[in-house]
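# Overview (structure and organization)
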Amino acid sequence: MTDTRMRILILGLHYAPEHAGNGPYTSKLATELAARGHHVTVRTGYPHYPAWSVADGYAGRRMHEVLDGVSVERFRPHIPDPNKPRDRARMEVSFGVRSNVGRWGSPDVILCVSPALLSTAMSVARTRLTMRRPAVGVWVQDLYGLGAKETGTGGGRAAALLAAIESRTLRAADGVAAIHDRMRAHMVRDLGVPSDRIRVIRNWTHLTPMQLPEQSVARKELGWDPTEVIALHAGNMGAKQGLDNVVEAARYAATHSPRLRFVLLGDGNQRQRLEALAEGLPNISFIPPLPDREFRLAMAAADVLVLNELSGLSDMSVPSKLTSYFTTGRPVVAATDSRSVTADEIRNSGAGVQVDPSEPSALADAVMALAADPERSAALGAAGQRFCSQELSQQFAIDQYEAWLAELVSAKNNHNSRSPLKKLGAP
């Protein structure tokens, strides 16, 4: 804990009660910093992800609430058609306009969370125009330009434009927090961000410890067939997950491994299309998002946890579901490019196996191989738990963020004290 209490303003589109994406991390960081005595204010959007519809109980264009000791100001953004990149850009710009209107108070440091990049760019630009501005840091959870390039979203011009905005925004900040070394390398090499301005702080496991029943009891409670091999994918069903591969793996398994059932738990902009693609398959199920205990129960009931990524993704993001998967003691099968950040995480953790995301049969066969080898499955699951406790500690991450923010404030205060404007009596 730092000795100096800070006034911290966090600007980010996603926050509790959103349970997927970066919302849980932003929420927990704000809550923990407030618990340590810092004055924390959050400006965020209305909860809408991953369902892409505003949650019940959130009406109007603006509202205020206090969550776990944190003052939360909410601004209703445009809720887009998630399949239209321009519409999603409109969402970010609408949030940026509304969250940047009016006074911010007198924060010592502003932390902008990306996504959303466009609103972050607007916030960083505003701070640059403030004469006695606070320190500003950007917390990068996804790389926009690289993501657009790797997924083909919007074409080459869109990817280049996003990369240019990203580069300008990150270089204008006083500091940048990246969640993986590979992301930091891309920022330095391709976006021109000075290496000494980037701090790598890993995302942590945001699930609180919970006593769960054994697999057979969990399955009985959920009503799942005890004789089936269950491969569970939990989380967002979006374009970058490439879940067509899971549907095709189920199609292959229907003939070659009839005991295998794939369960897709969650929501997202691709869910309806995936359900249509899977119509008629007897061995794939779709489950809407579940409350925390039931979500954890589903992972405890599974034999294998599945992570799937669109073929060709490499450095754009680190899937947040891995931090949940590693807590379970279940092995992971990651259908992802062998050069990806995700593949690195699987290798470094020893928690699972990686297969080609363009070969559905490889996914199904890997799941069945683990189901037939309980000793190996147990060893992989235990390795994930060890990695989680050693590398993904929440307290360690929060300590690093607190220290990083304090360093940004100290550096900005030292700069302001040397400013010639102060010597001339400027306010």
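Before reading further, recall that the structure is shown in the block above.
Starting afresh in each chain, residues are numbered from 1 along the sequence in its written order. It should be noted that, the model being predicted, local features are given only for residues of pLDDT at least 70 and side-chain atom pairs only at 80 or more, the latter also being counted only at that level, while totals for whole chains, interfaces and linings use all residues. By convention in this description, side-chain values take in all heavy atoms of the structure and omit both hydrogens and water.

### So, the sheet that holds strand β8 (residues 198-200)
DSSP-based pairing: two strands are paired if at least 2 bridges between them are found. Only runs of H or I of at least four residues qualify as helices and only runs of E of at least two qualify as strands under DSSP, and these elements are numbered from the N terminus. Read from one edge to the other, the open sheet built from 8 strands follows the order β3-β4-β2-β1-β5-β6-β7-β8, with strand pairing classed as mixed. Strand pairing shows two members of the sheet lacking a second neighbour, β3 (62-67) and β8, which therefore form its edges. Pairs of neighbouring strands in the sheet enclose a mean axial angle of 20°, with direction left out of account. Between two residues, a contact is recorded if the distance between any of their heavy atoms is within 4.5 Å. Angles here are taken between N-to-C directions and fall from 0 to 180 degrees, while the axes themselves are lines fitted to C-alpha atoms, restricted in helices to the stretch in contact. In the packing of helix α2 (residues 85-100) onto the sheet, the strands contacted are β2 (39-45) and β4 (70-75), and the crossing angle to β2 comes to about 140°.

### Here's the deal with the nonpolar core
By size, the foremost hydrophobic cluster in this structure holds 51 residues, and its most contacted members are Val40, Trp139, Met187 and Tyr401. In terms of residues, this core owes the most to one element, helix α15 (residues 394-418), which gives 7 residues. Each residue touching Met187, except ones within four places of it in the same chain, is listed here: Val140, Leu143, Leu170, Val176, Ala178, Gly192, Val193 and Ile198. Only buried residues count toward a nonpolar core, which is a set of Ala, Val, Leu, Ile, Met, Phe, Trp, Tyr and Cys residues joined through side-chain atoms within 4.5 Å. Burial classes follow relative accessibility: with a 1.4 Å probe on protein chains only, a residue under 20% of its type's maximum area counts as buried, one over 50% as exposed, and anything between as partly exposed. In this structure, Leu274, Val304, Val353 and Ala364 belong to the second largest nonpolar core, which totals 31 residues.

### Here's the deal with the side chain of Asp337
As for its position among the elements, Asp337 is in the loop between β13 (332-335) and α12 (341-349). Side-chain polar atoms of Asp337 contact the backbone nitrogen of Arg339, separated by 2.8 Å. For this analysis, a polar contact is any N or O atom pair within 3.5 Å, provided that within protein one partner can donate a hydrogen and the other can accept it, and provided that sequence-adjacent residues contribute only side-chain to side-chain pairs.

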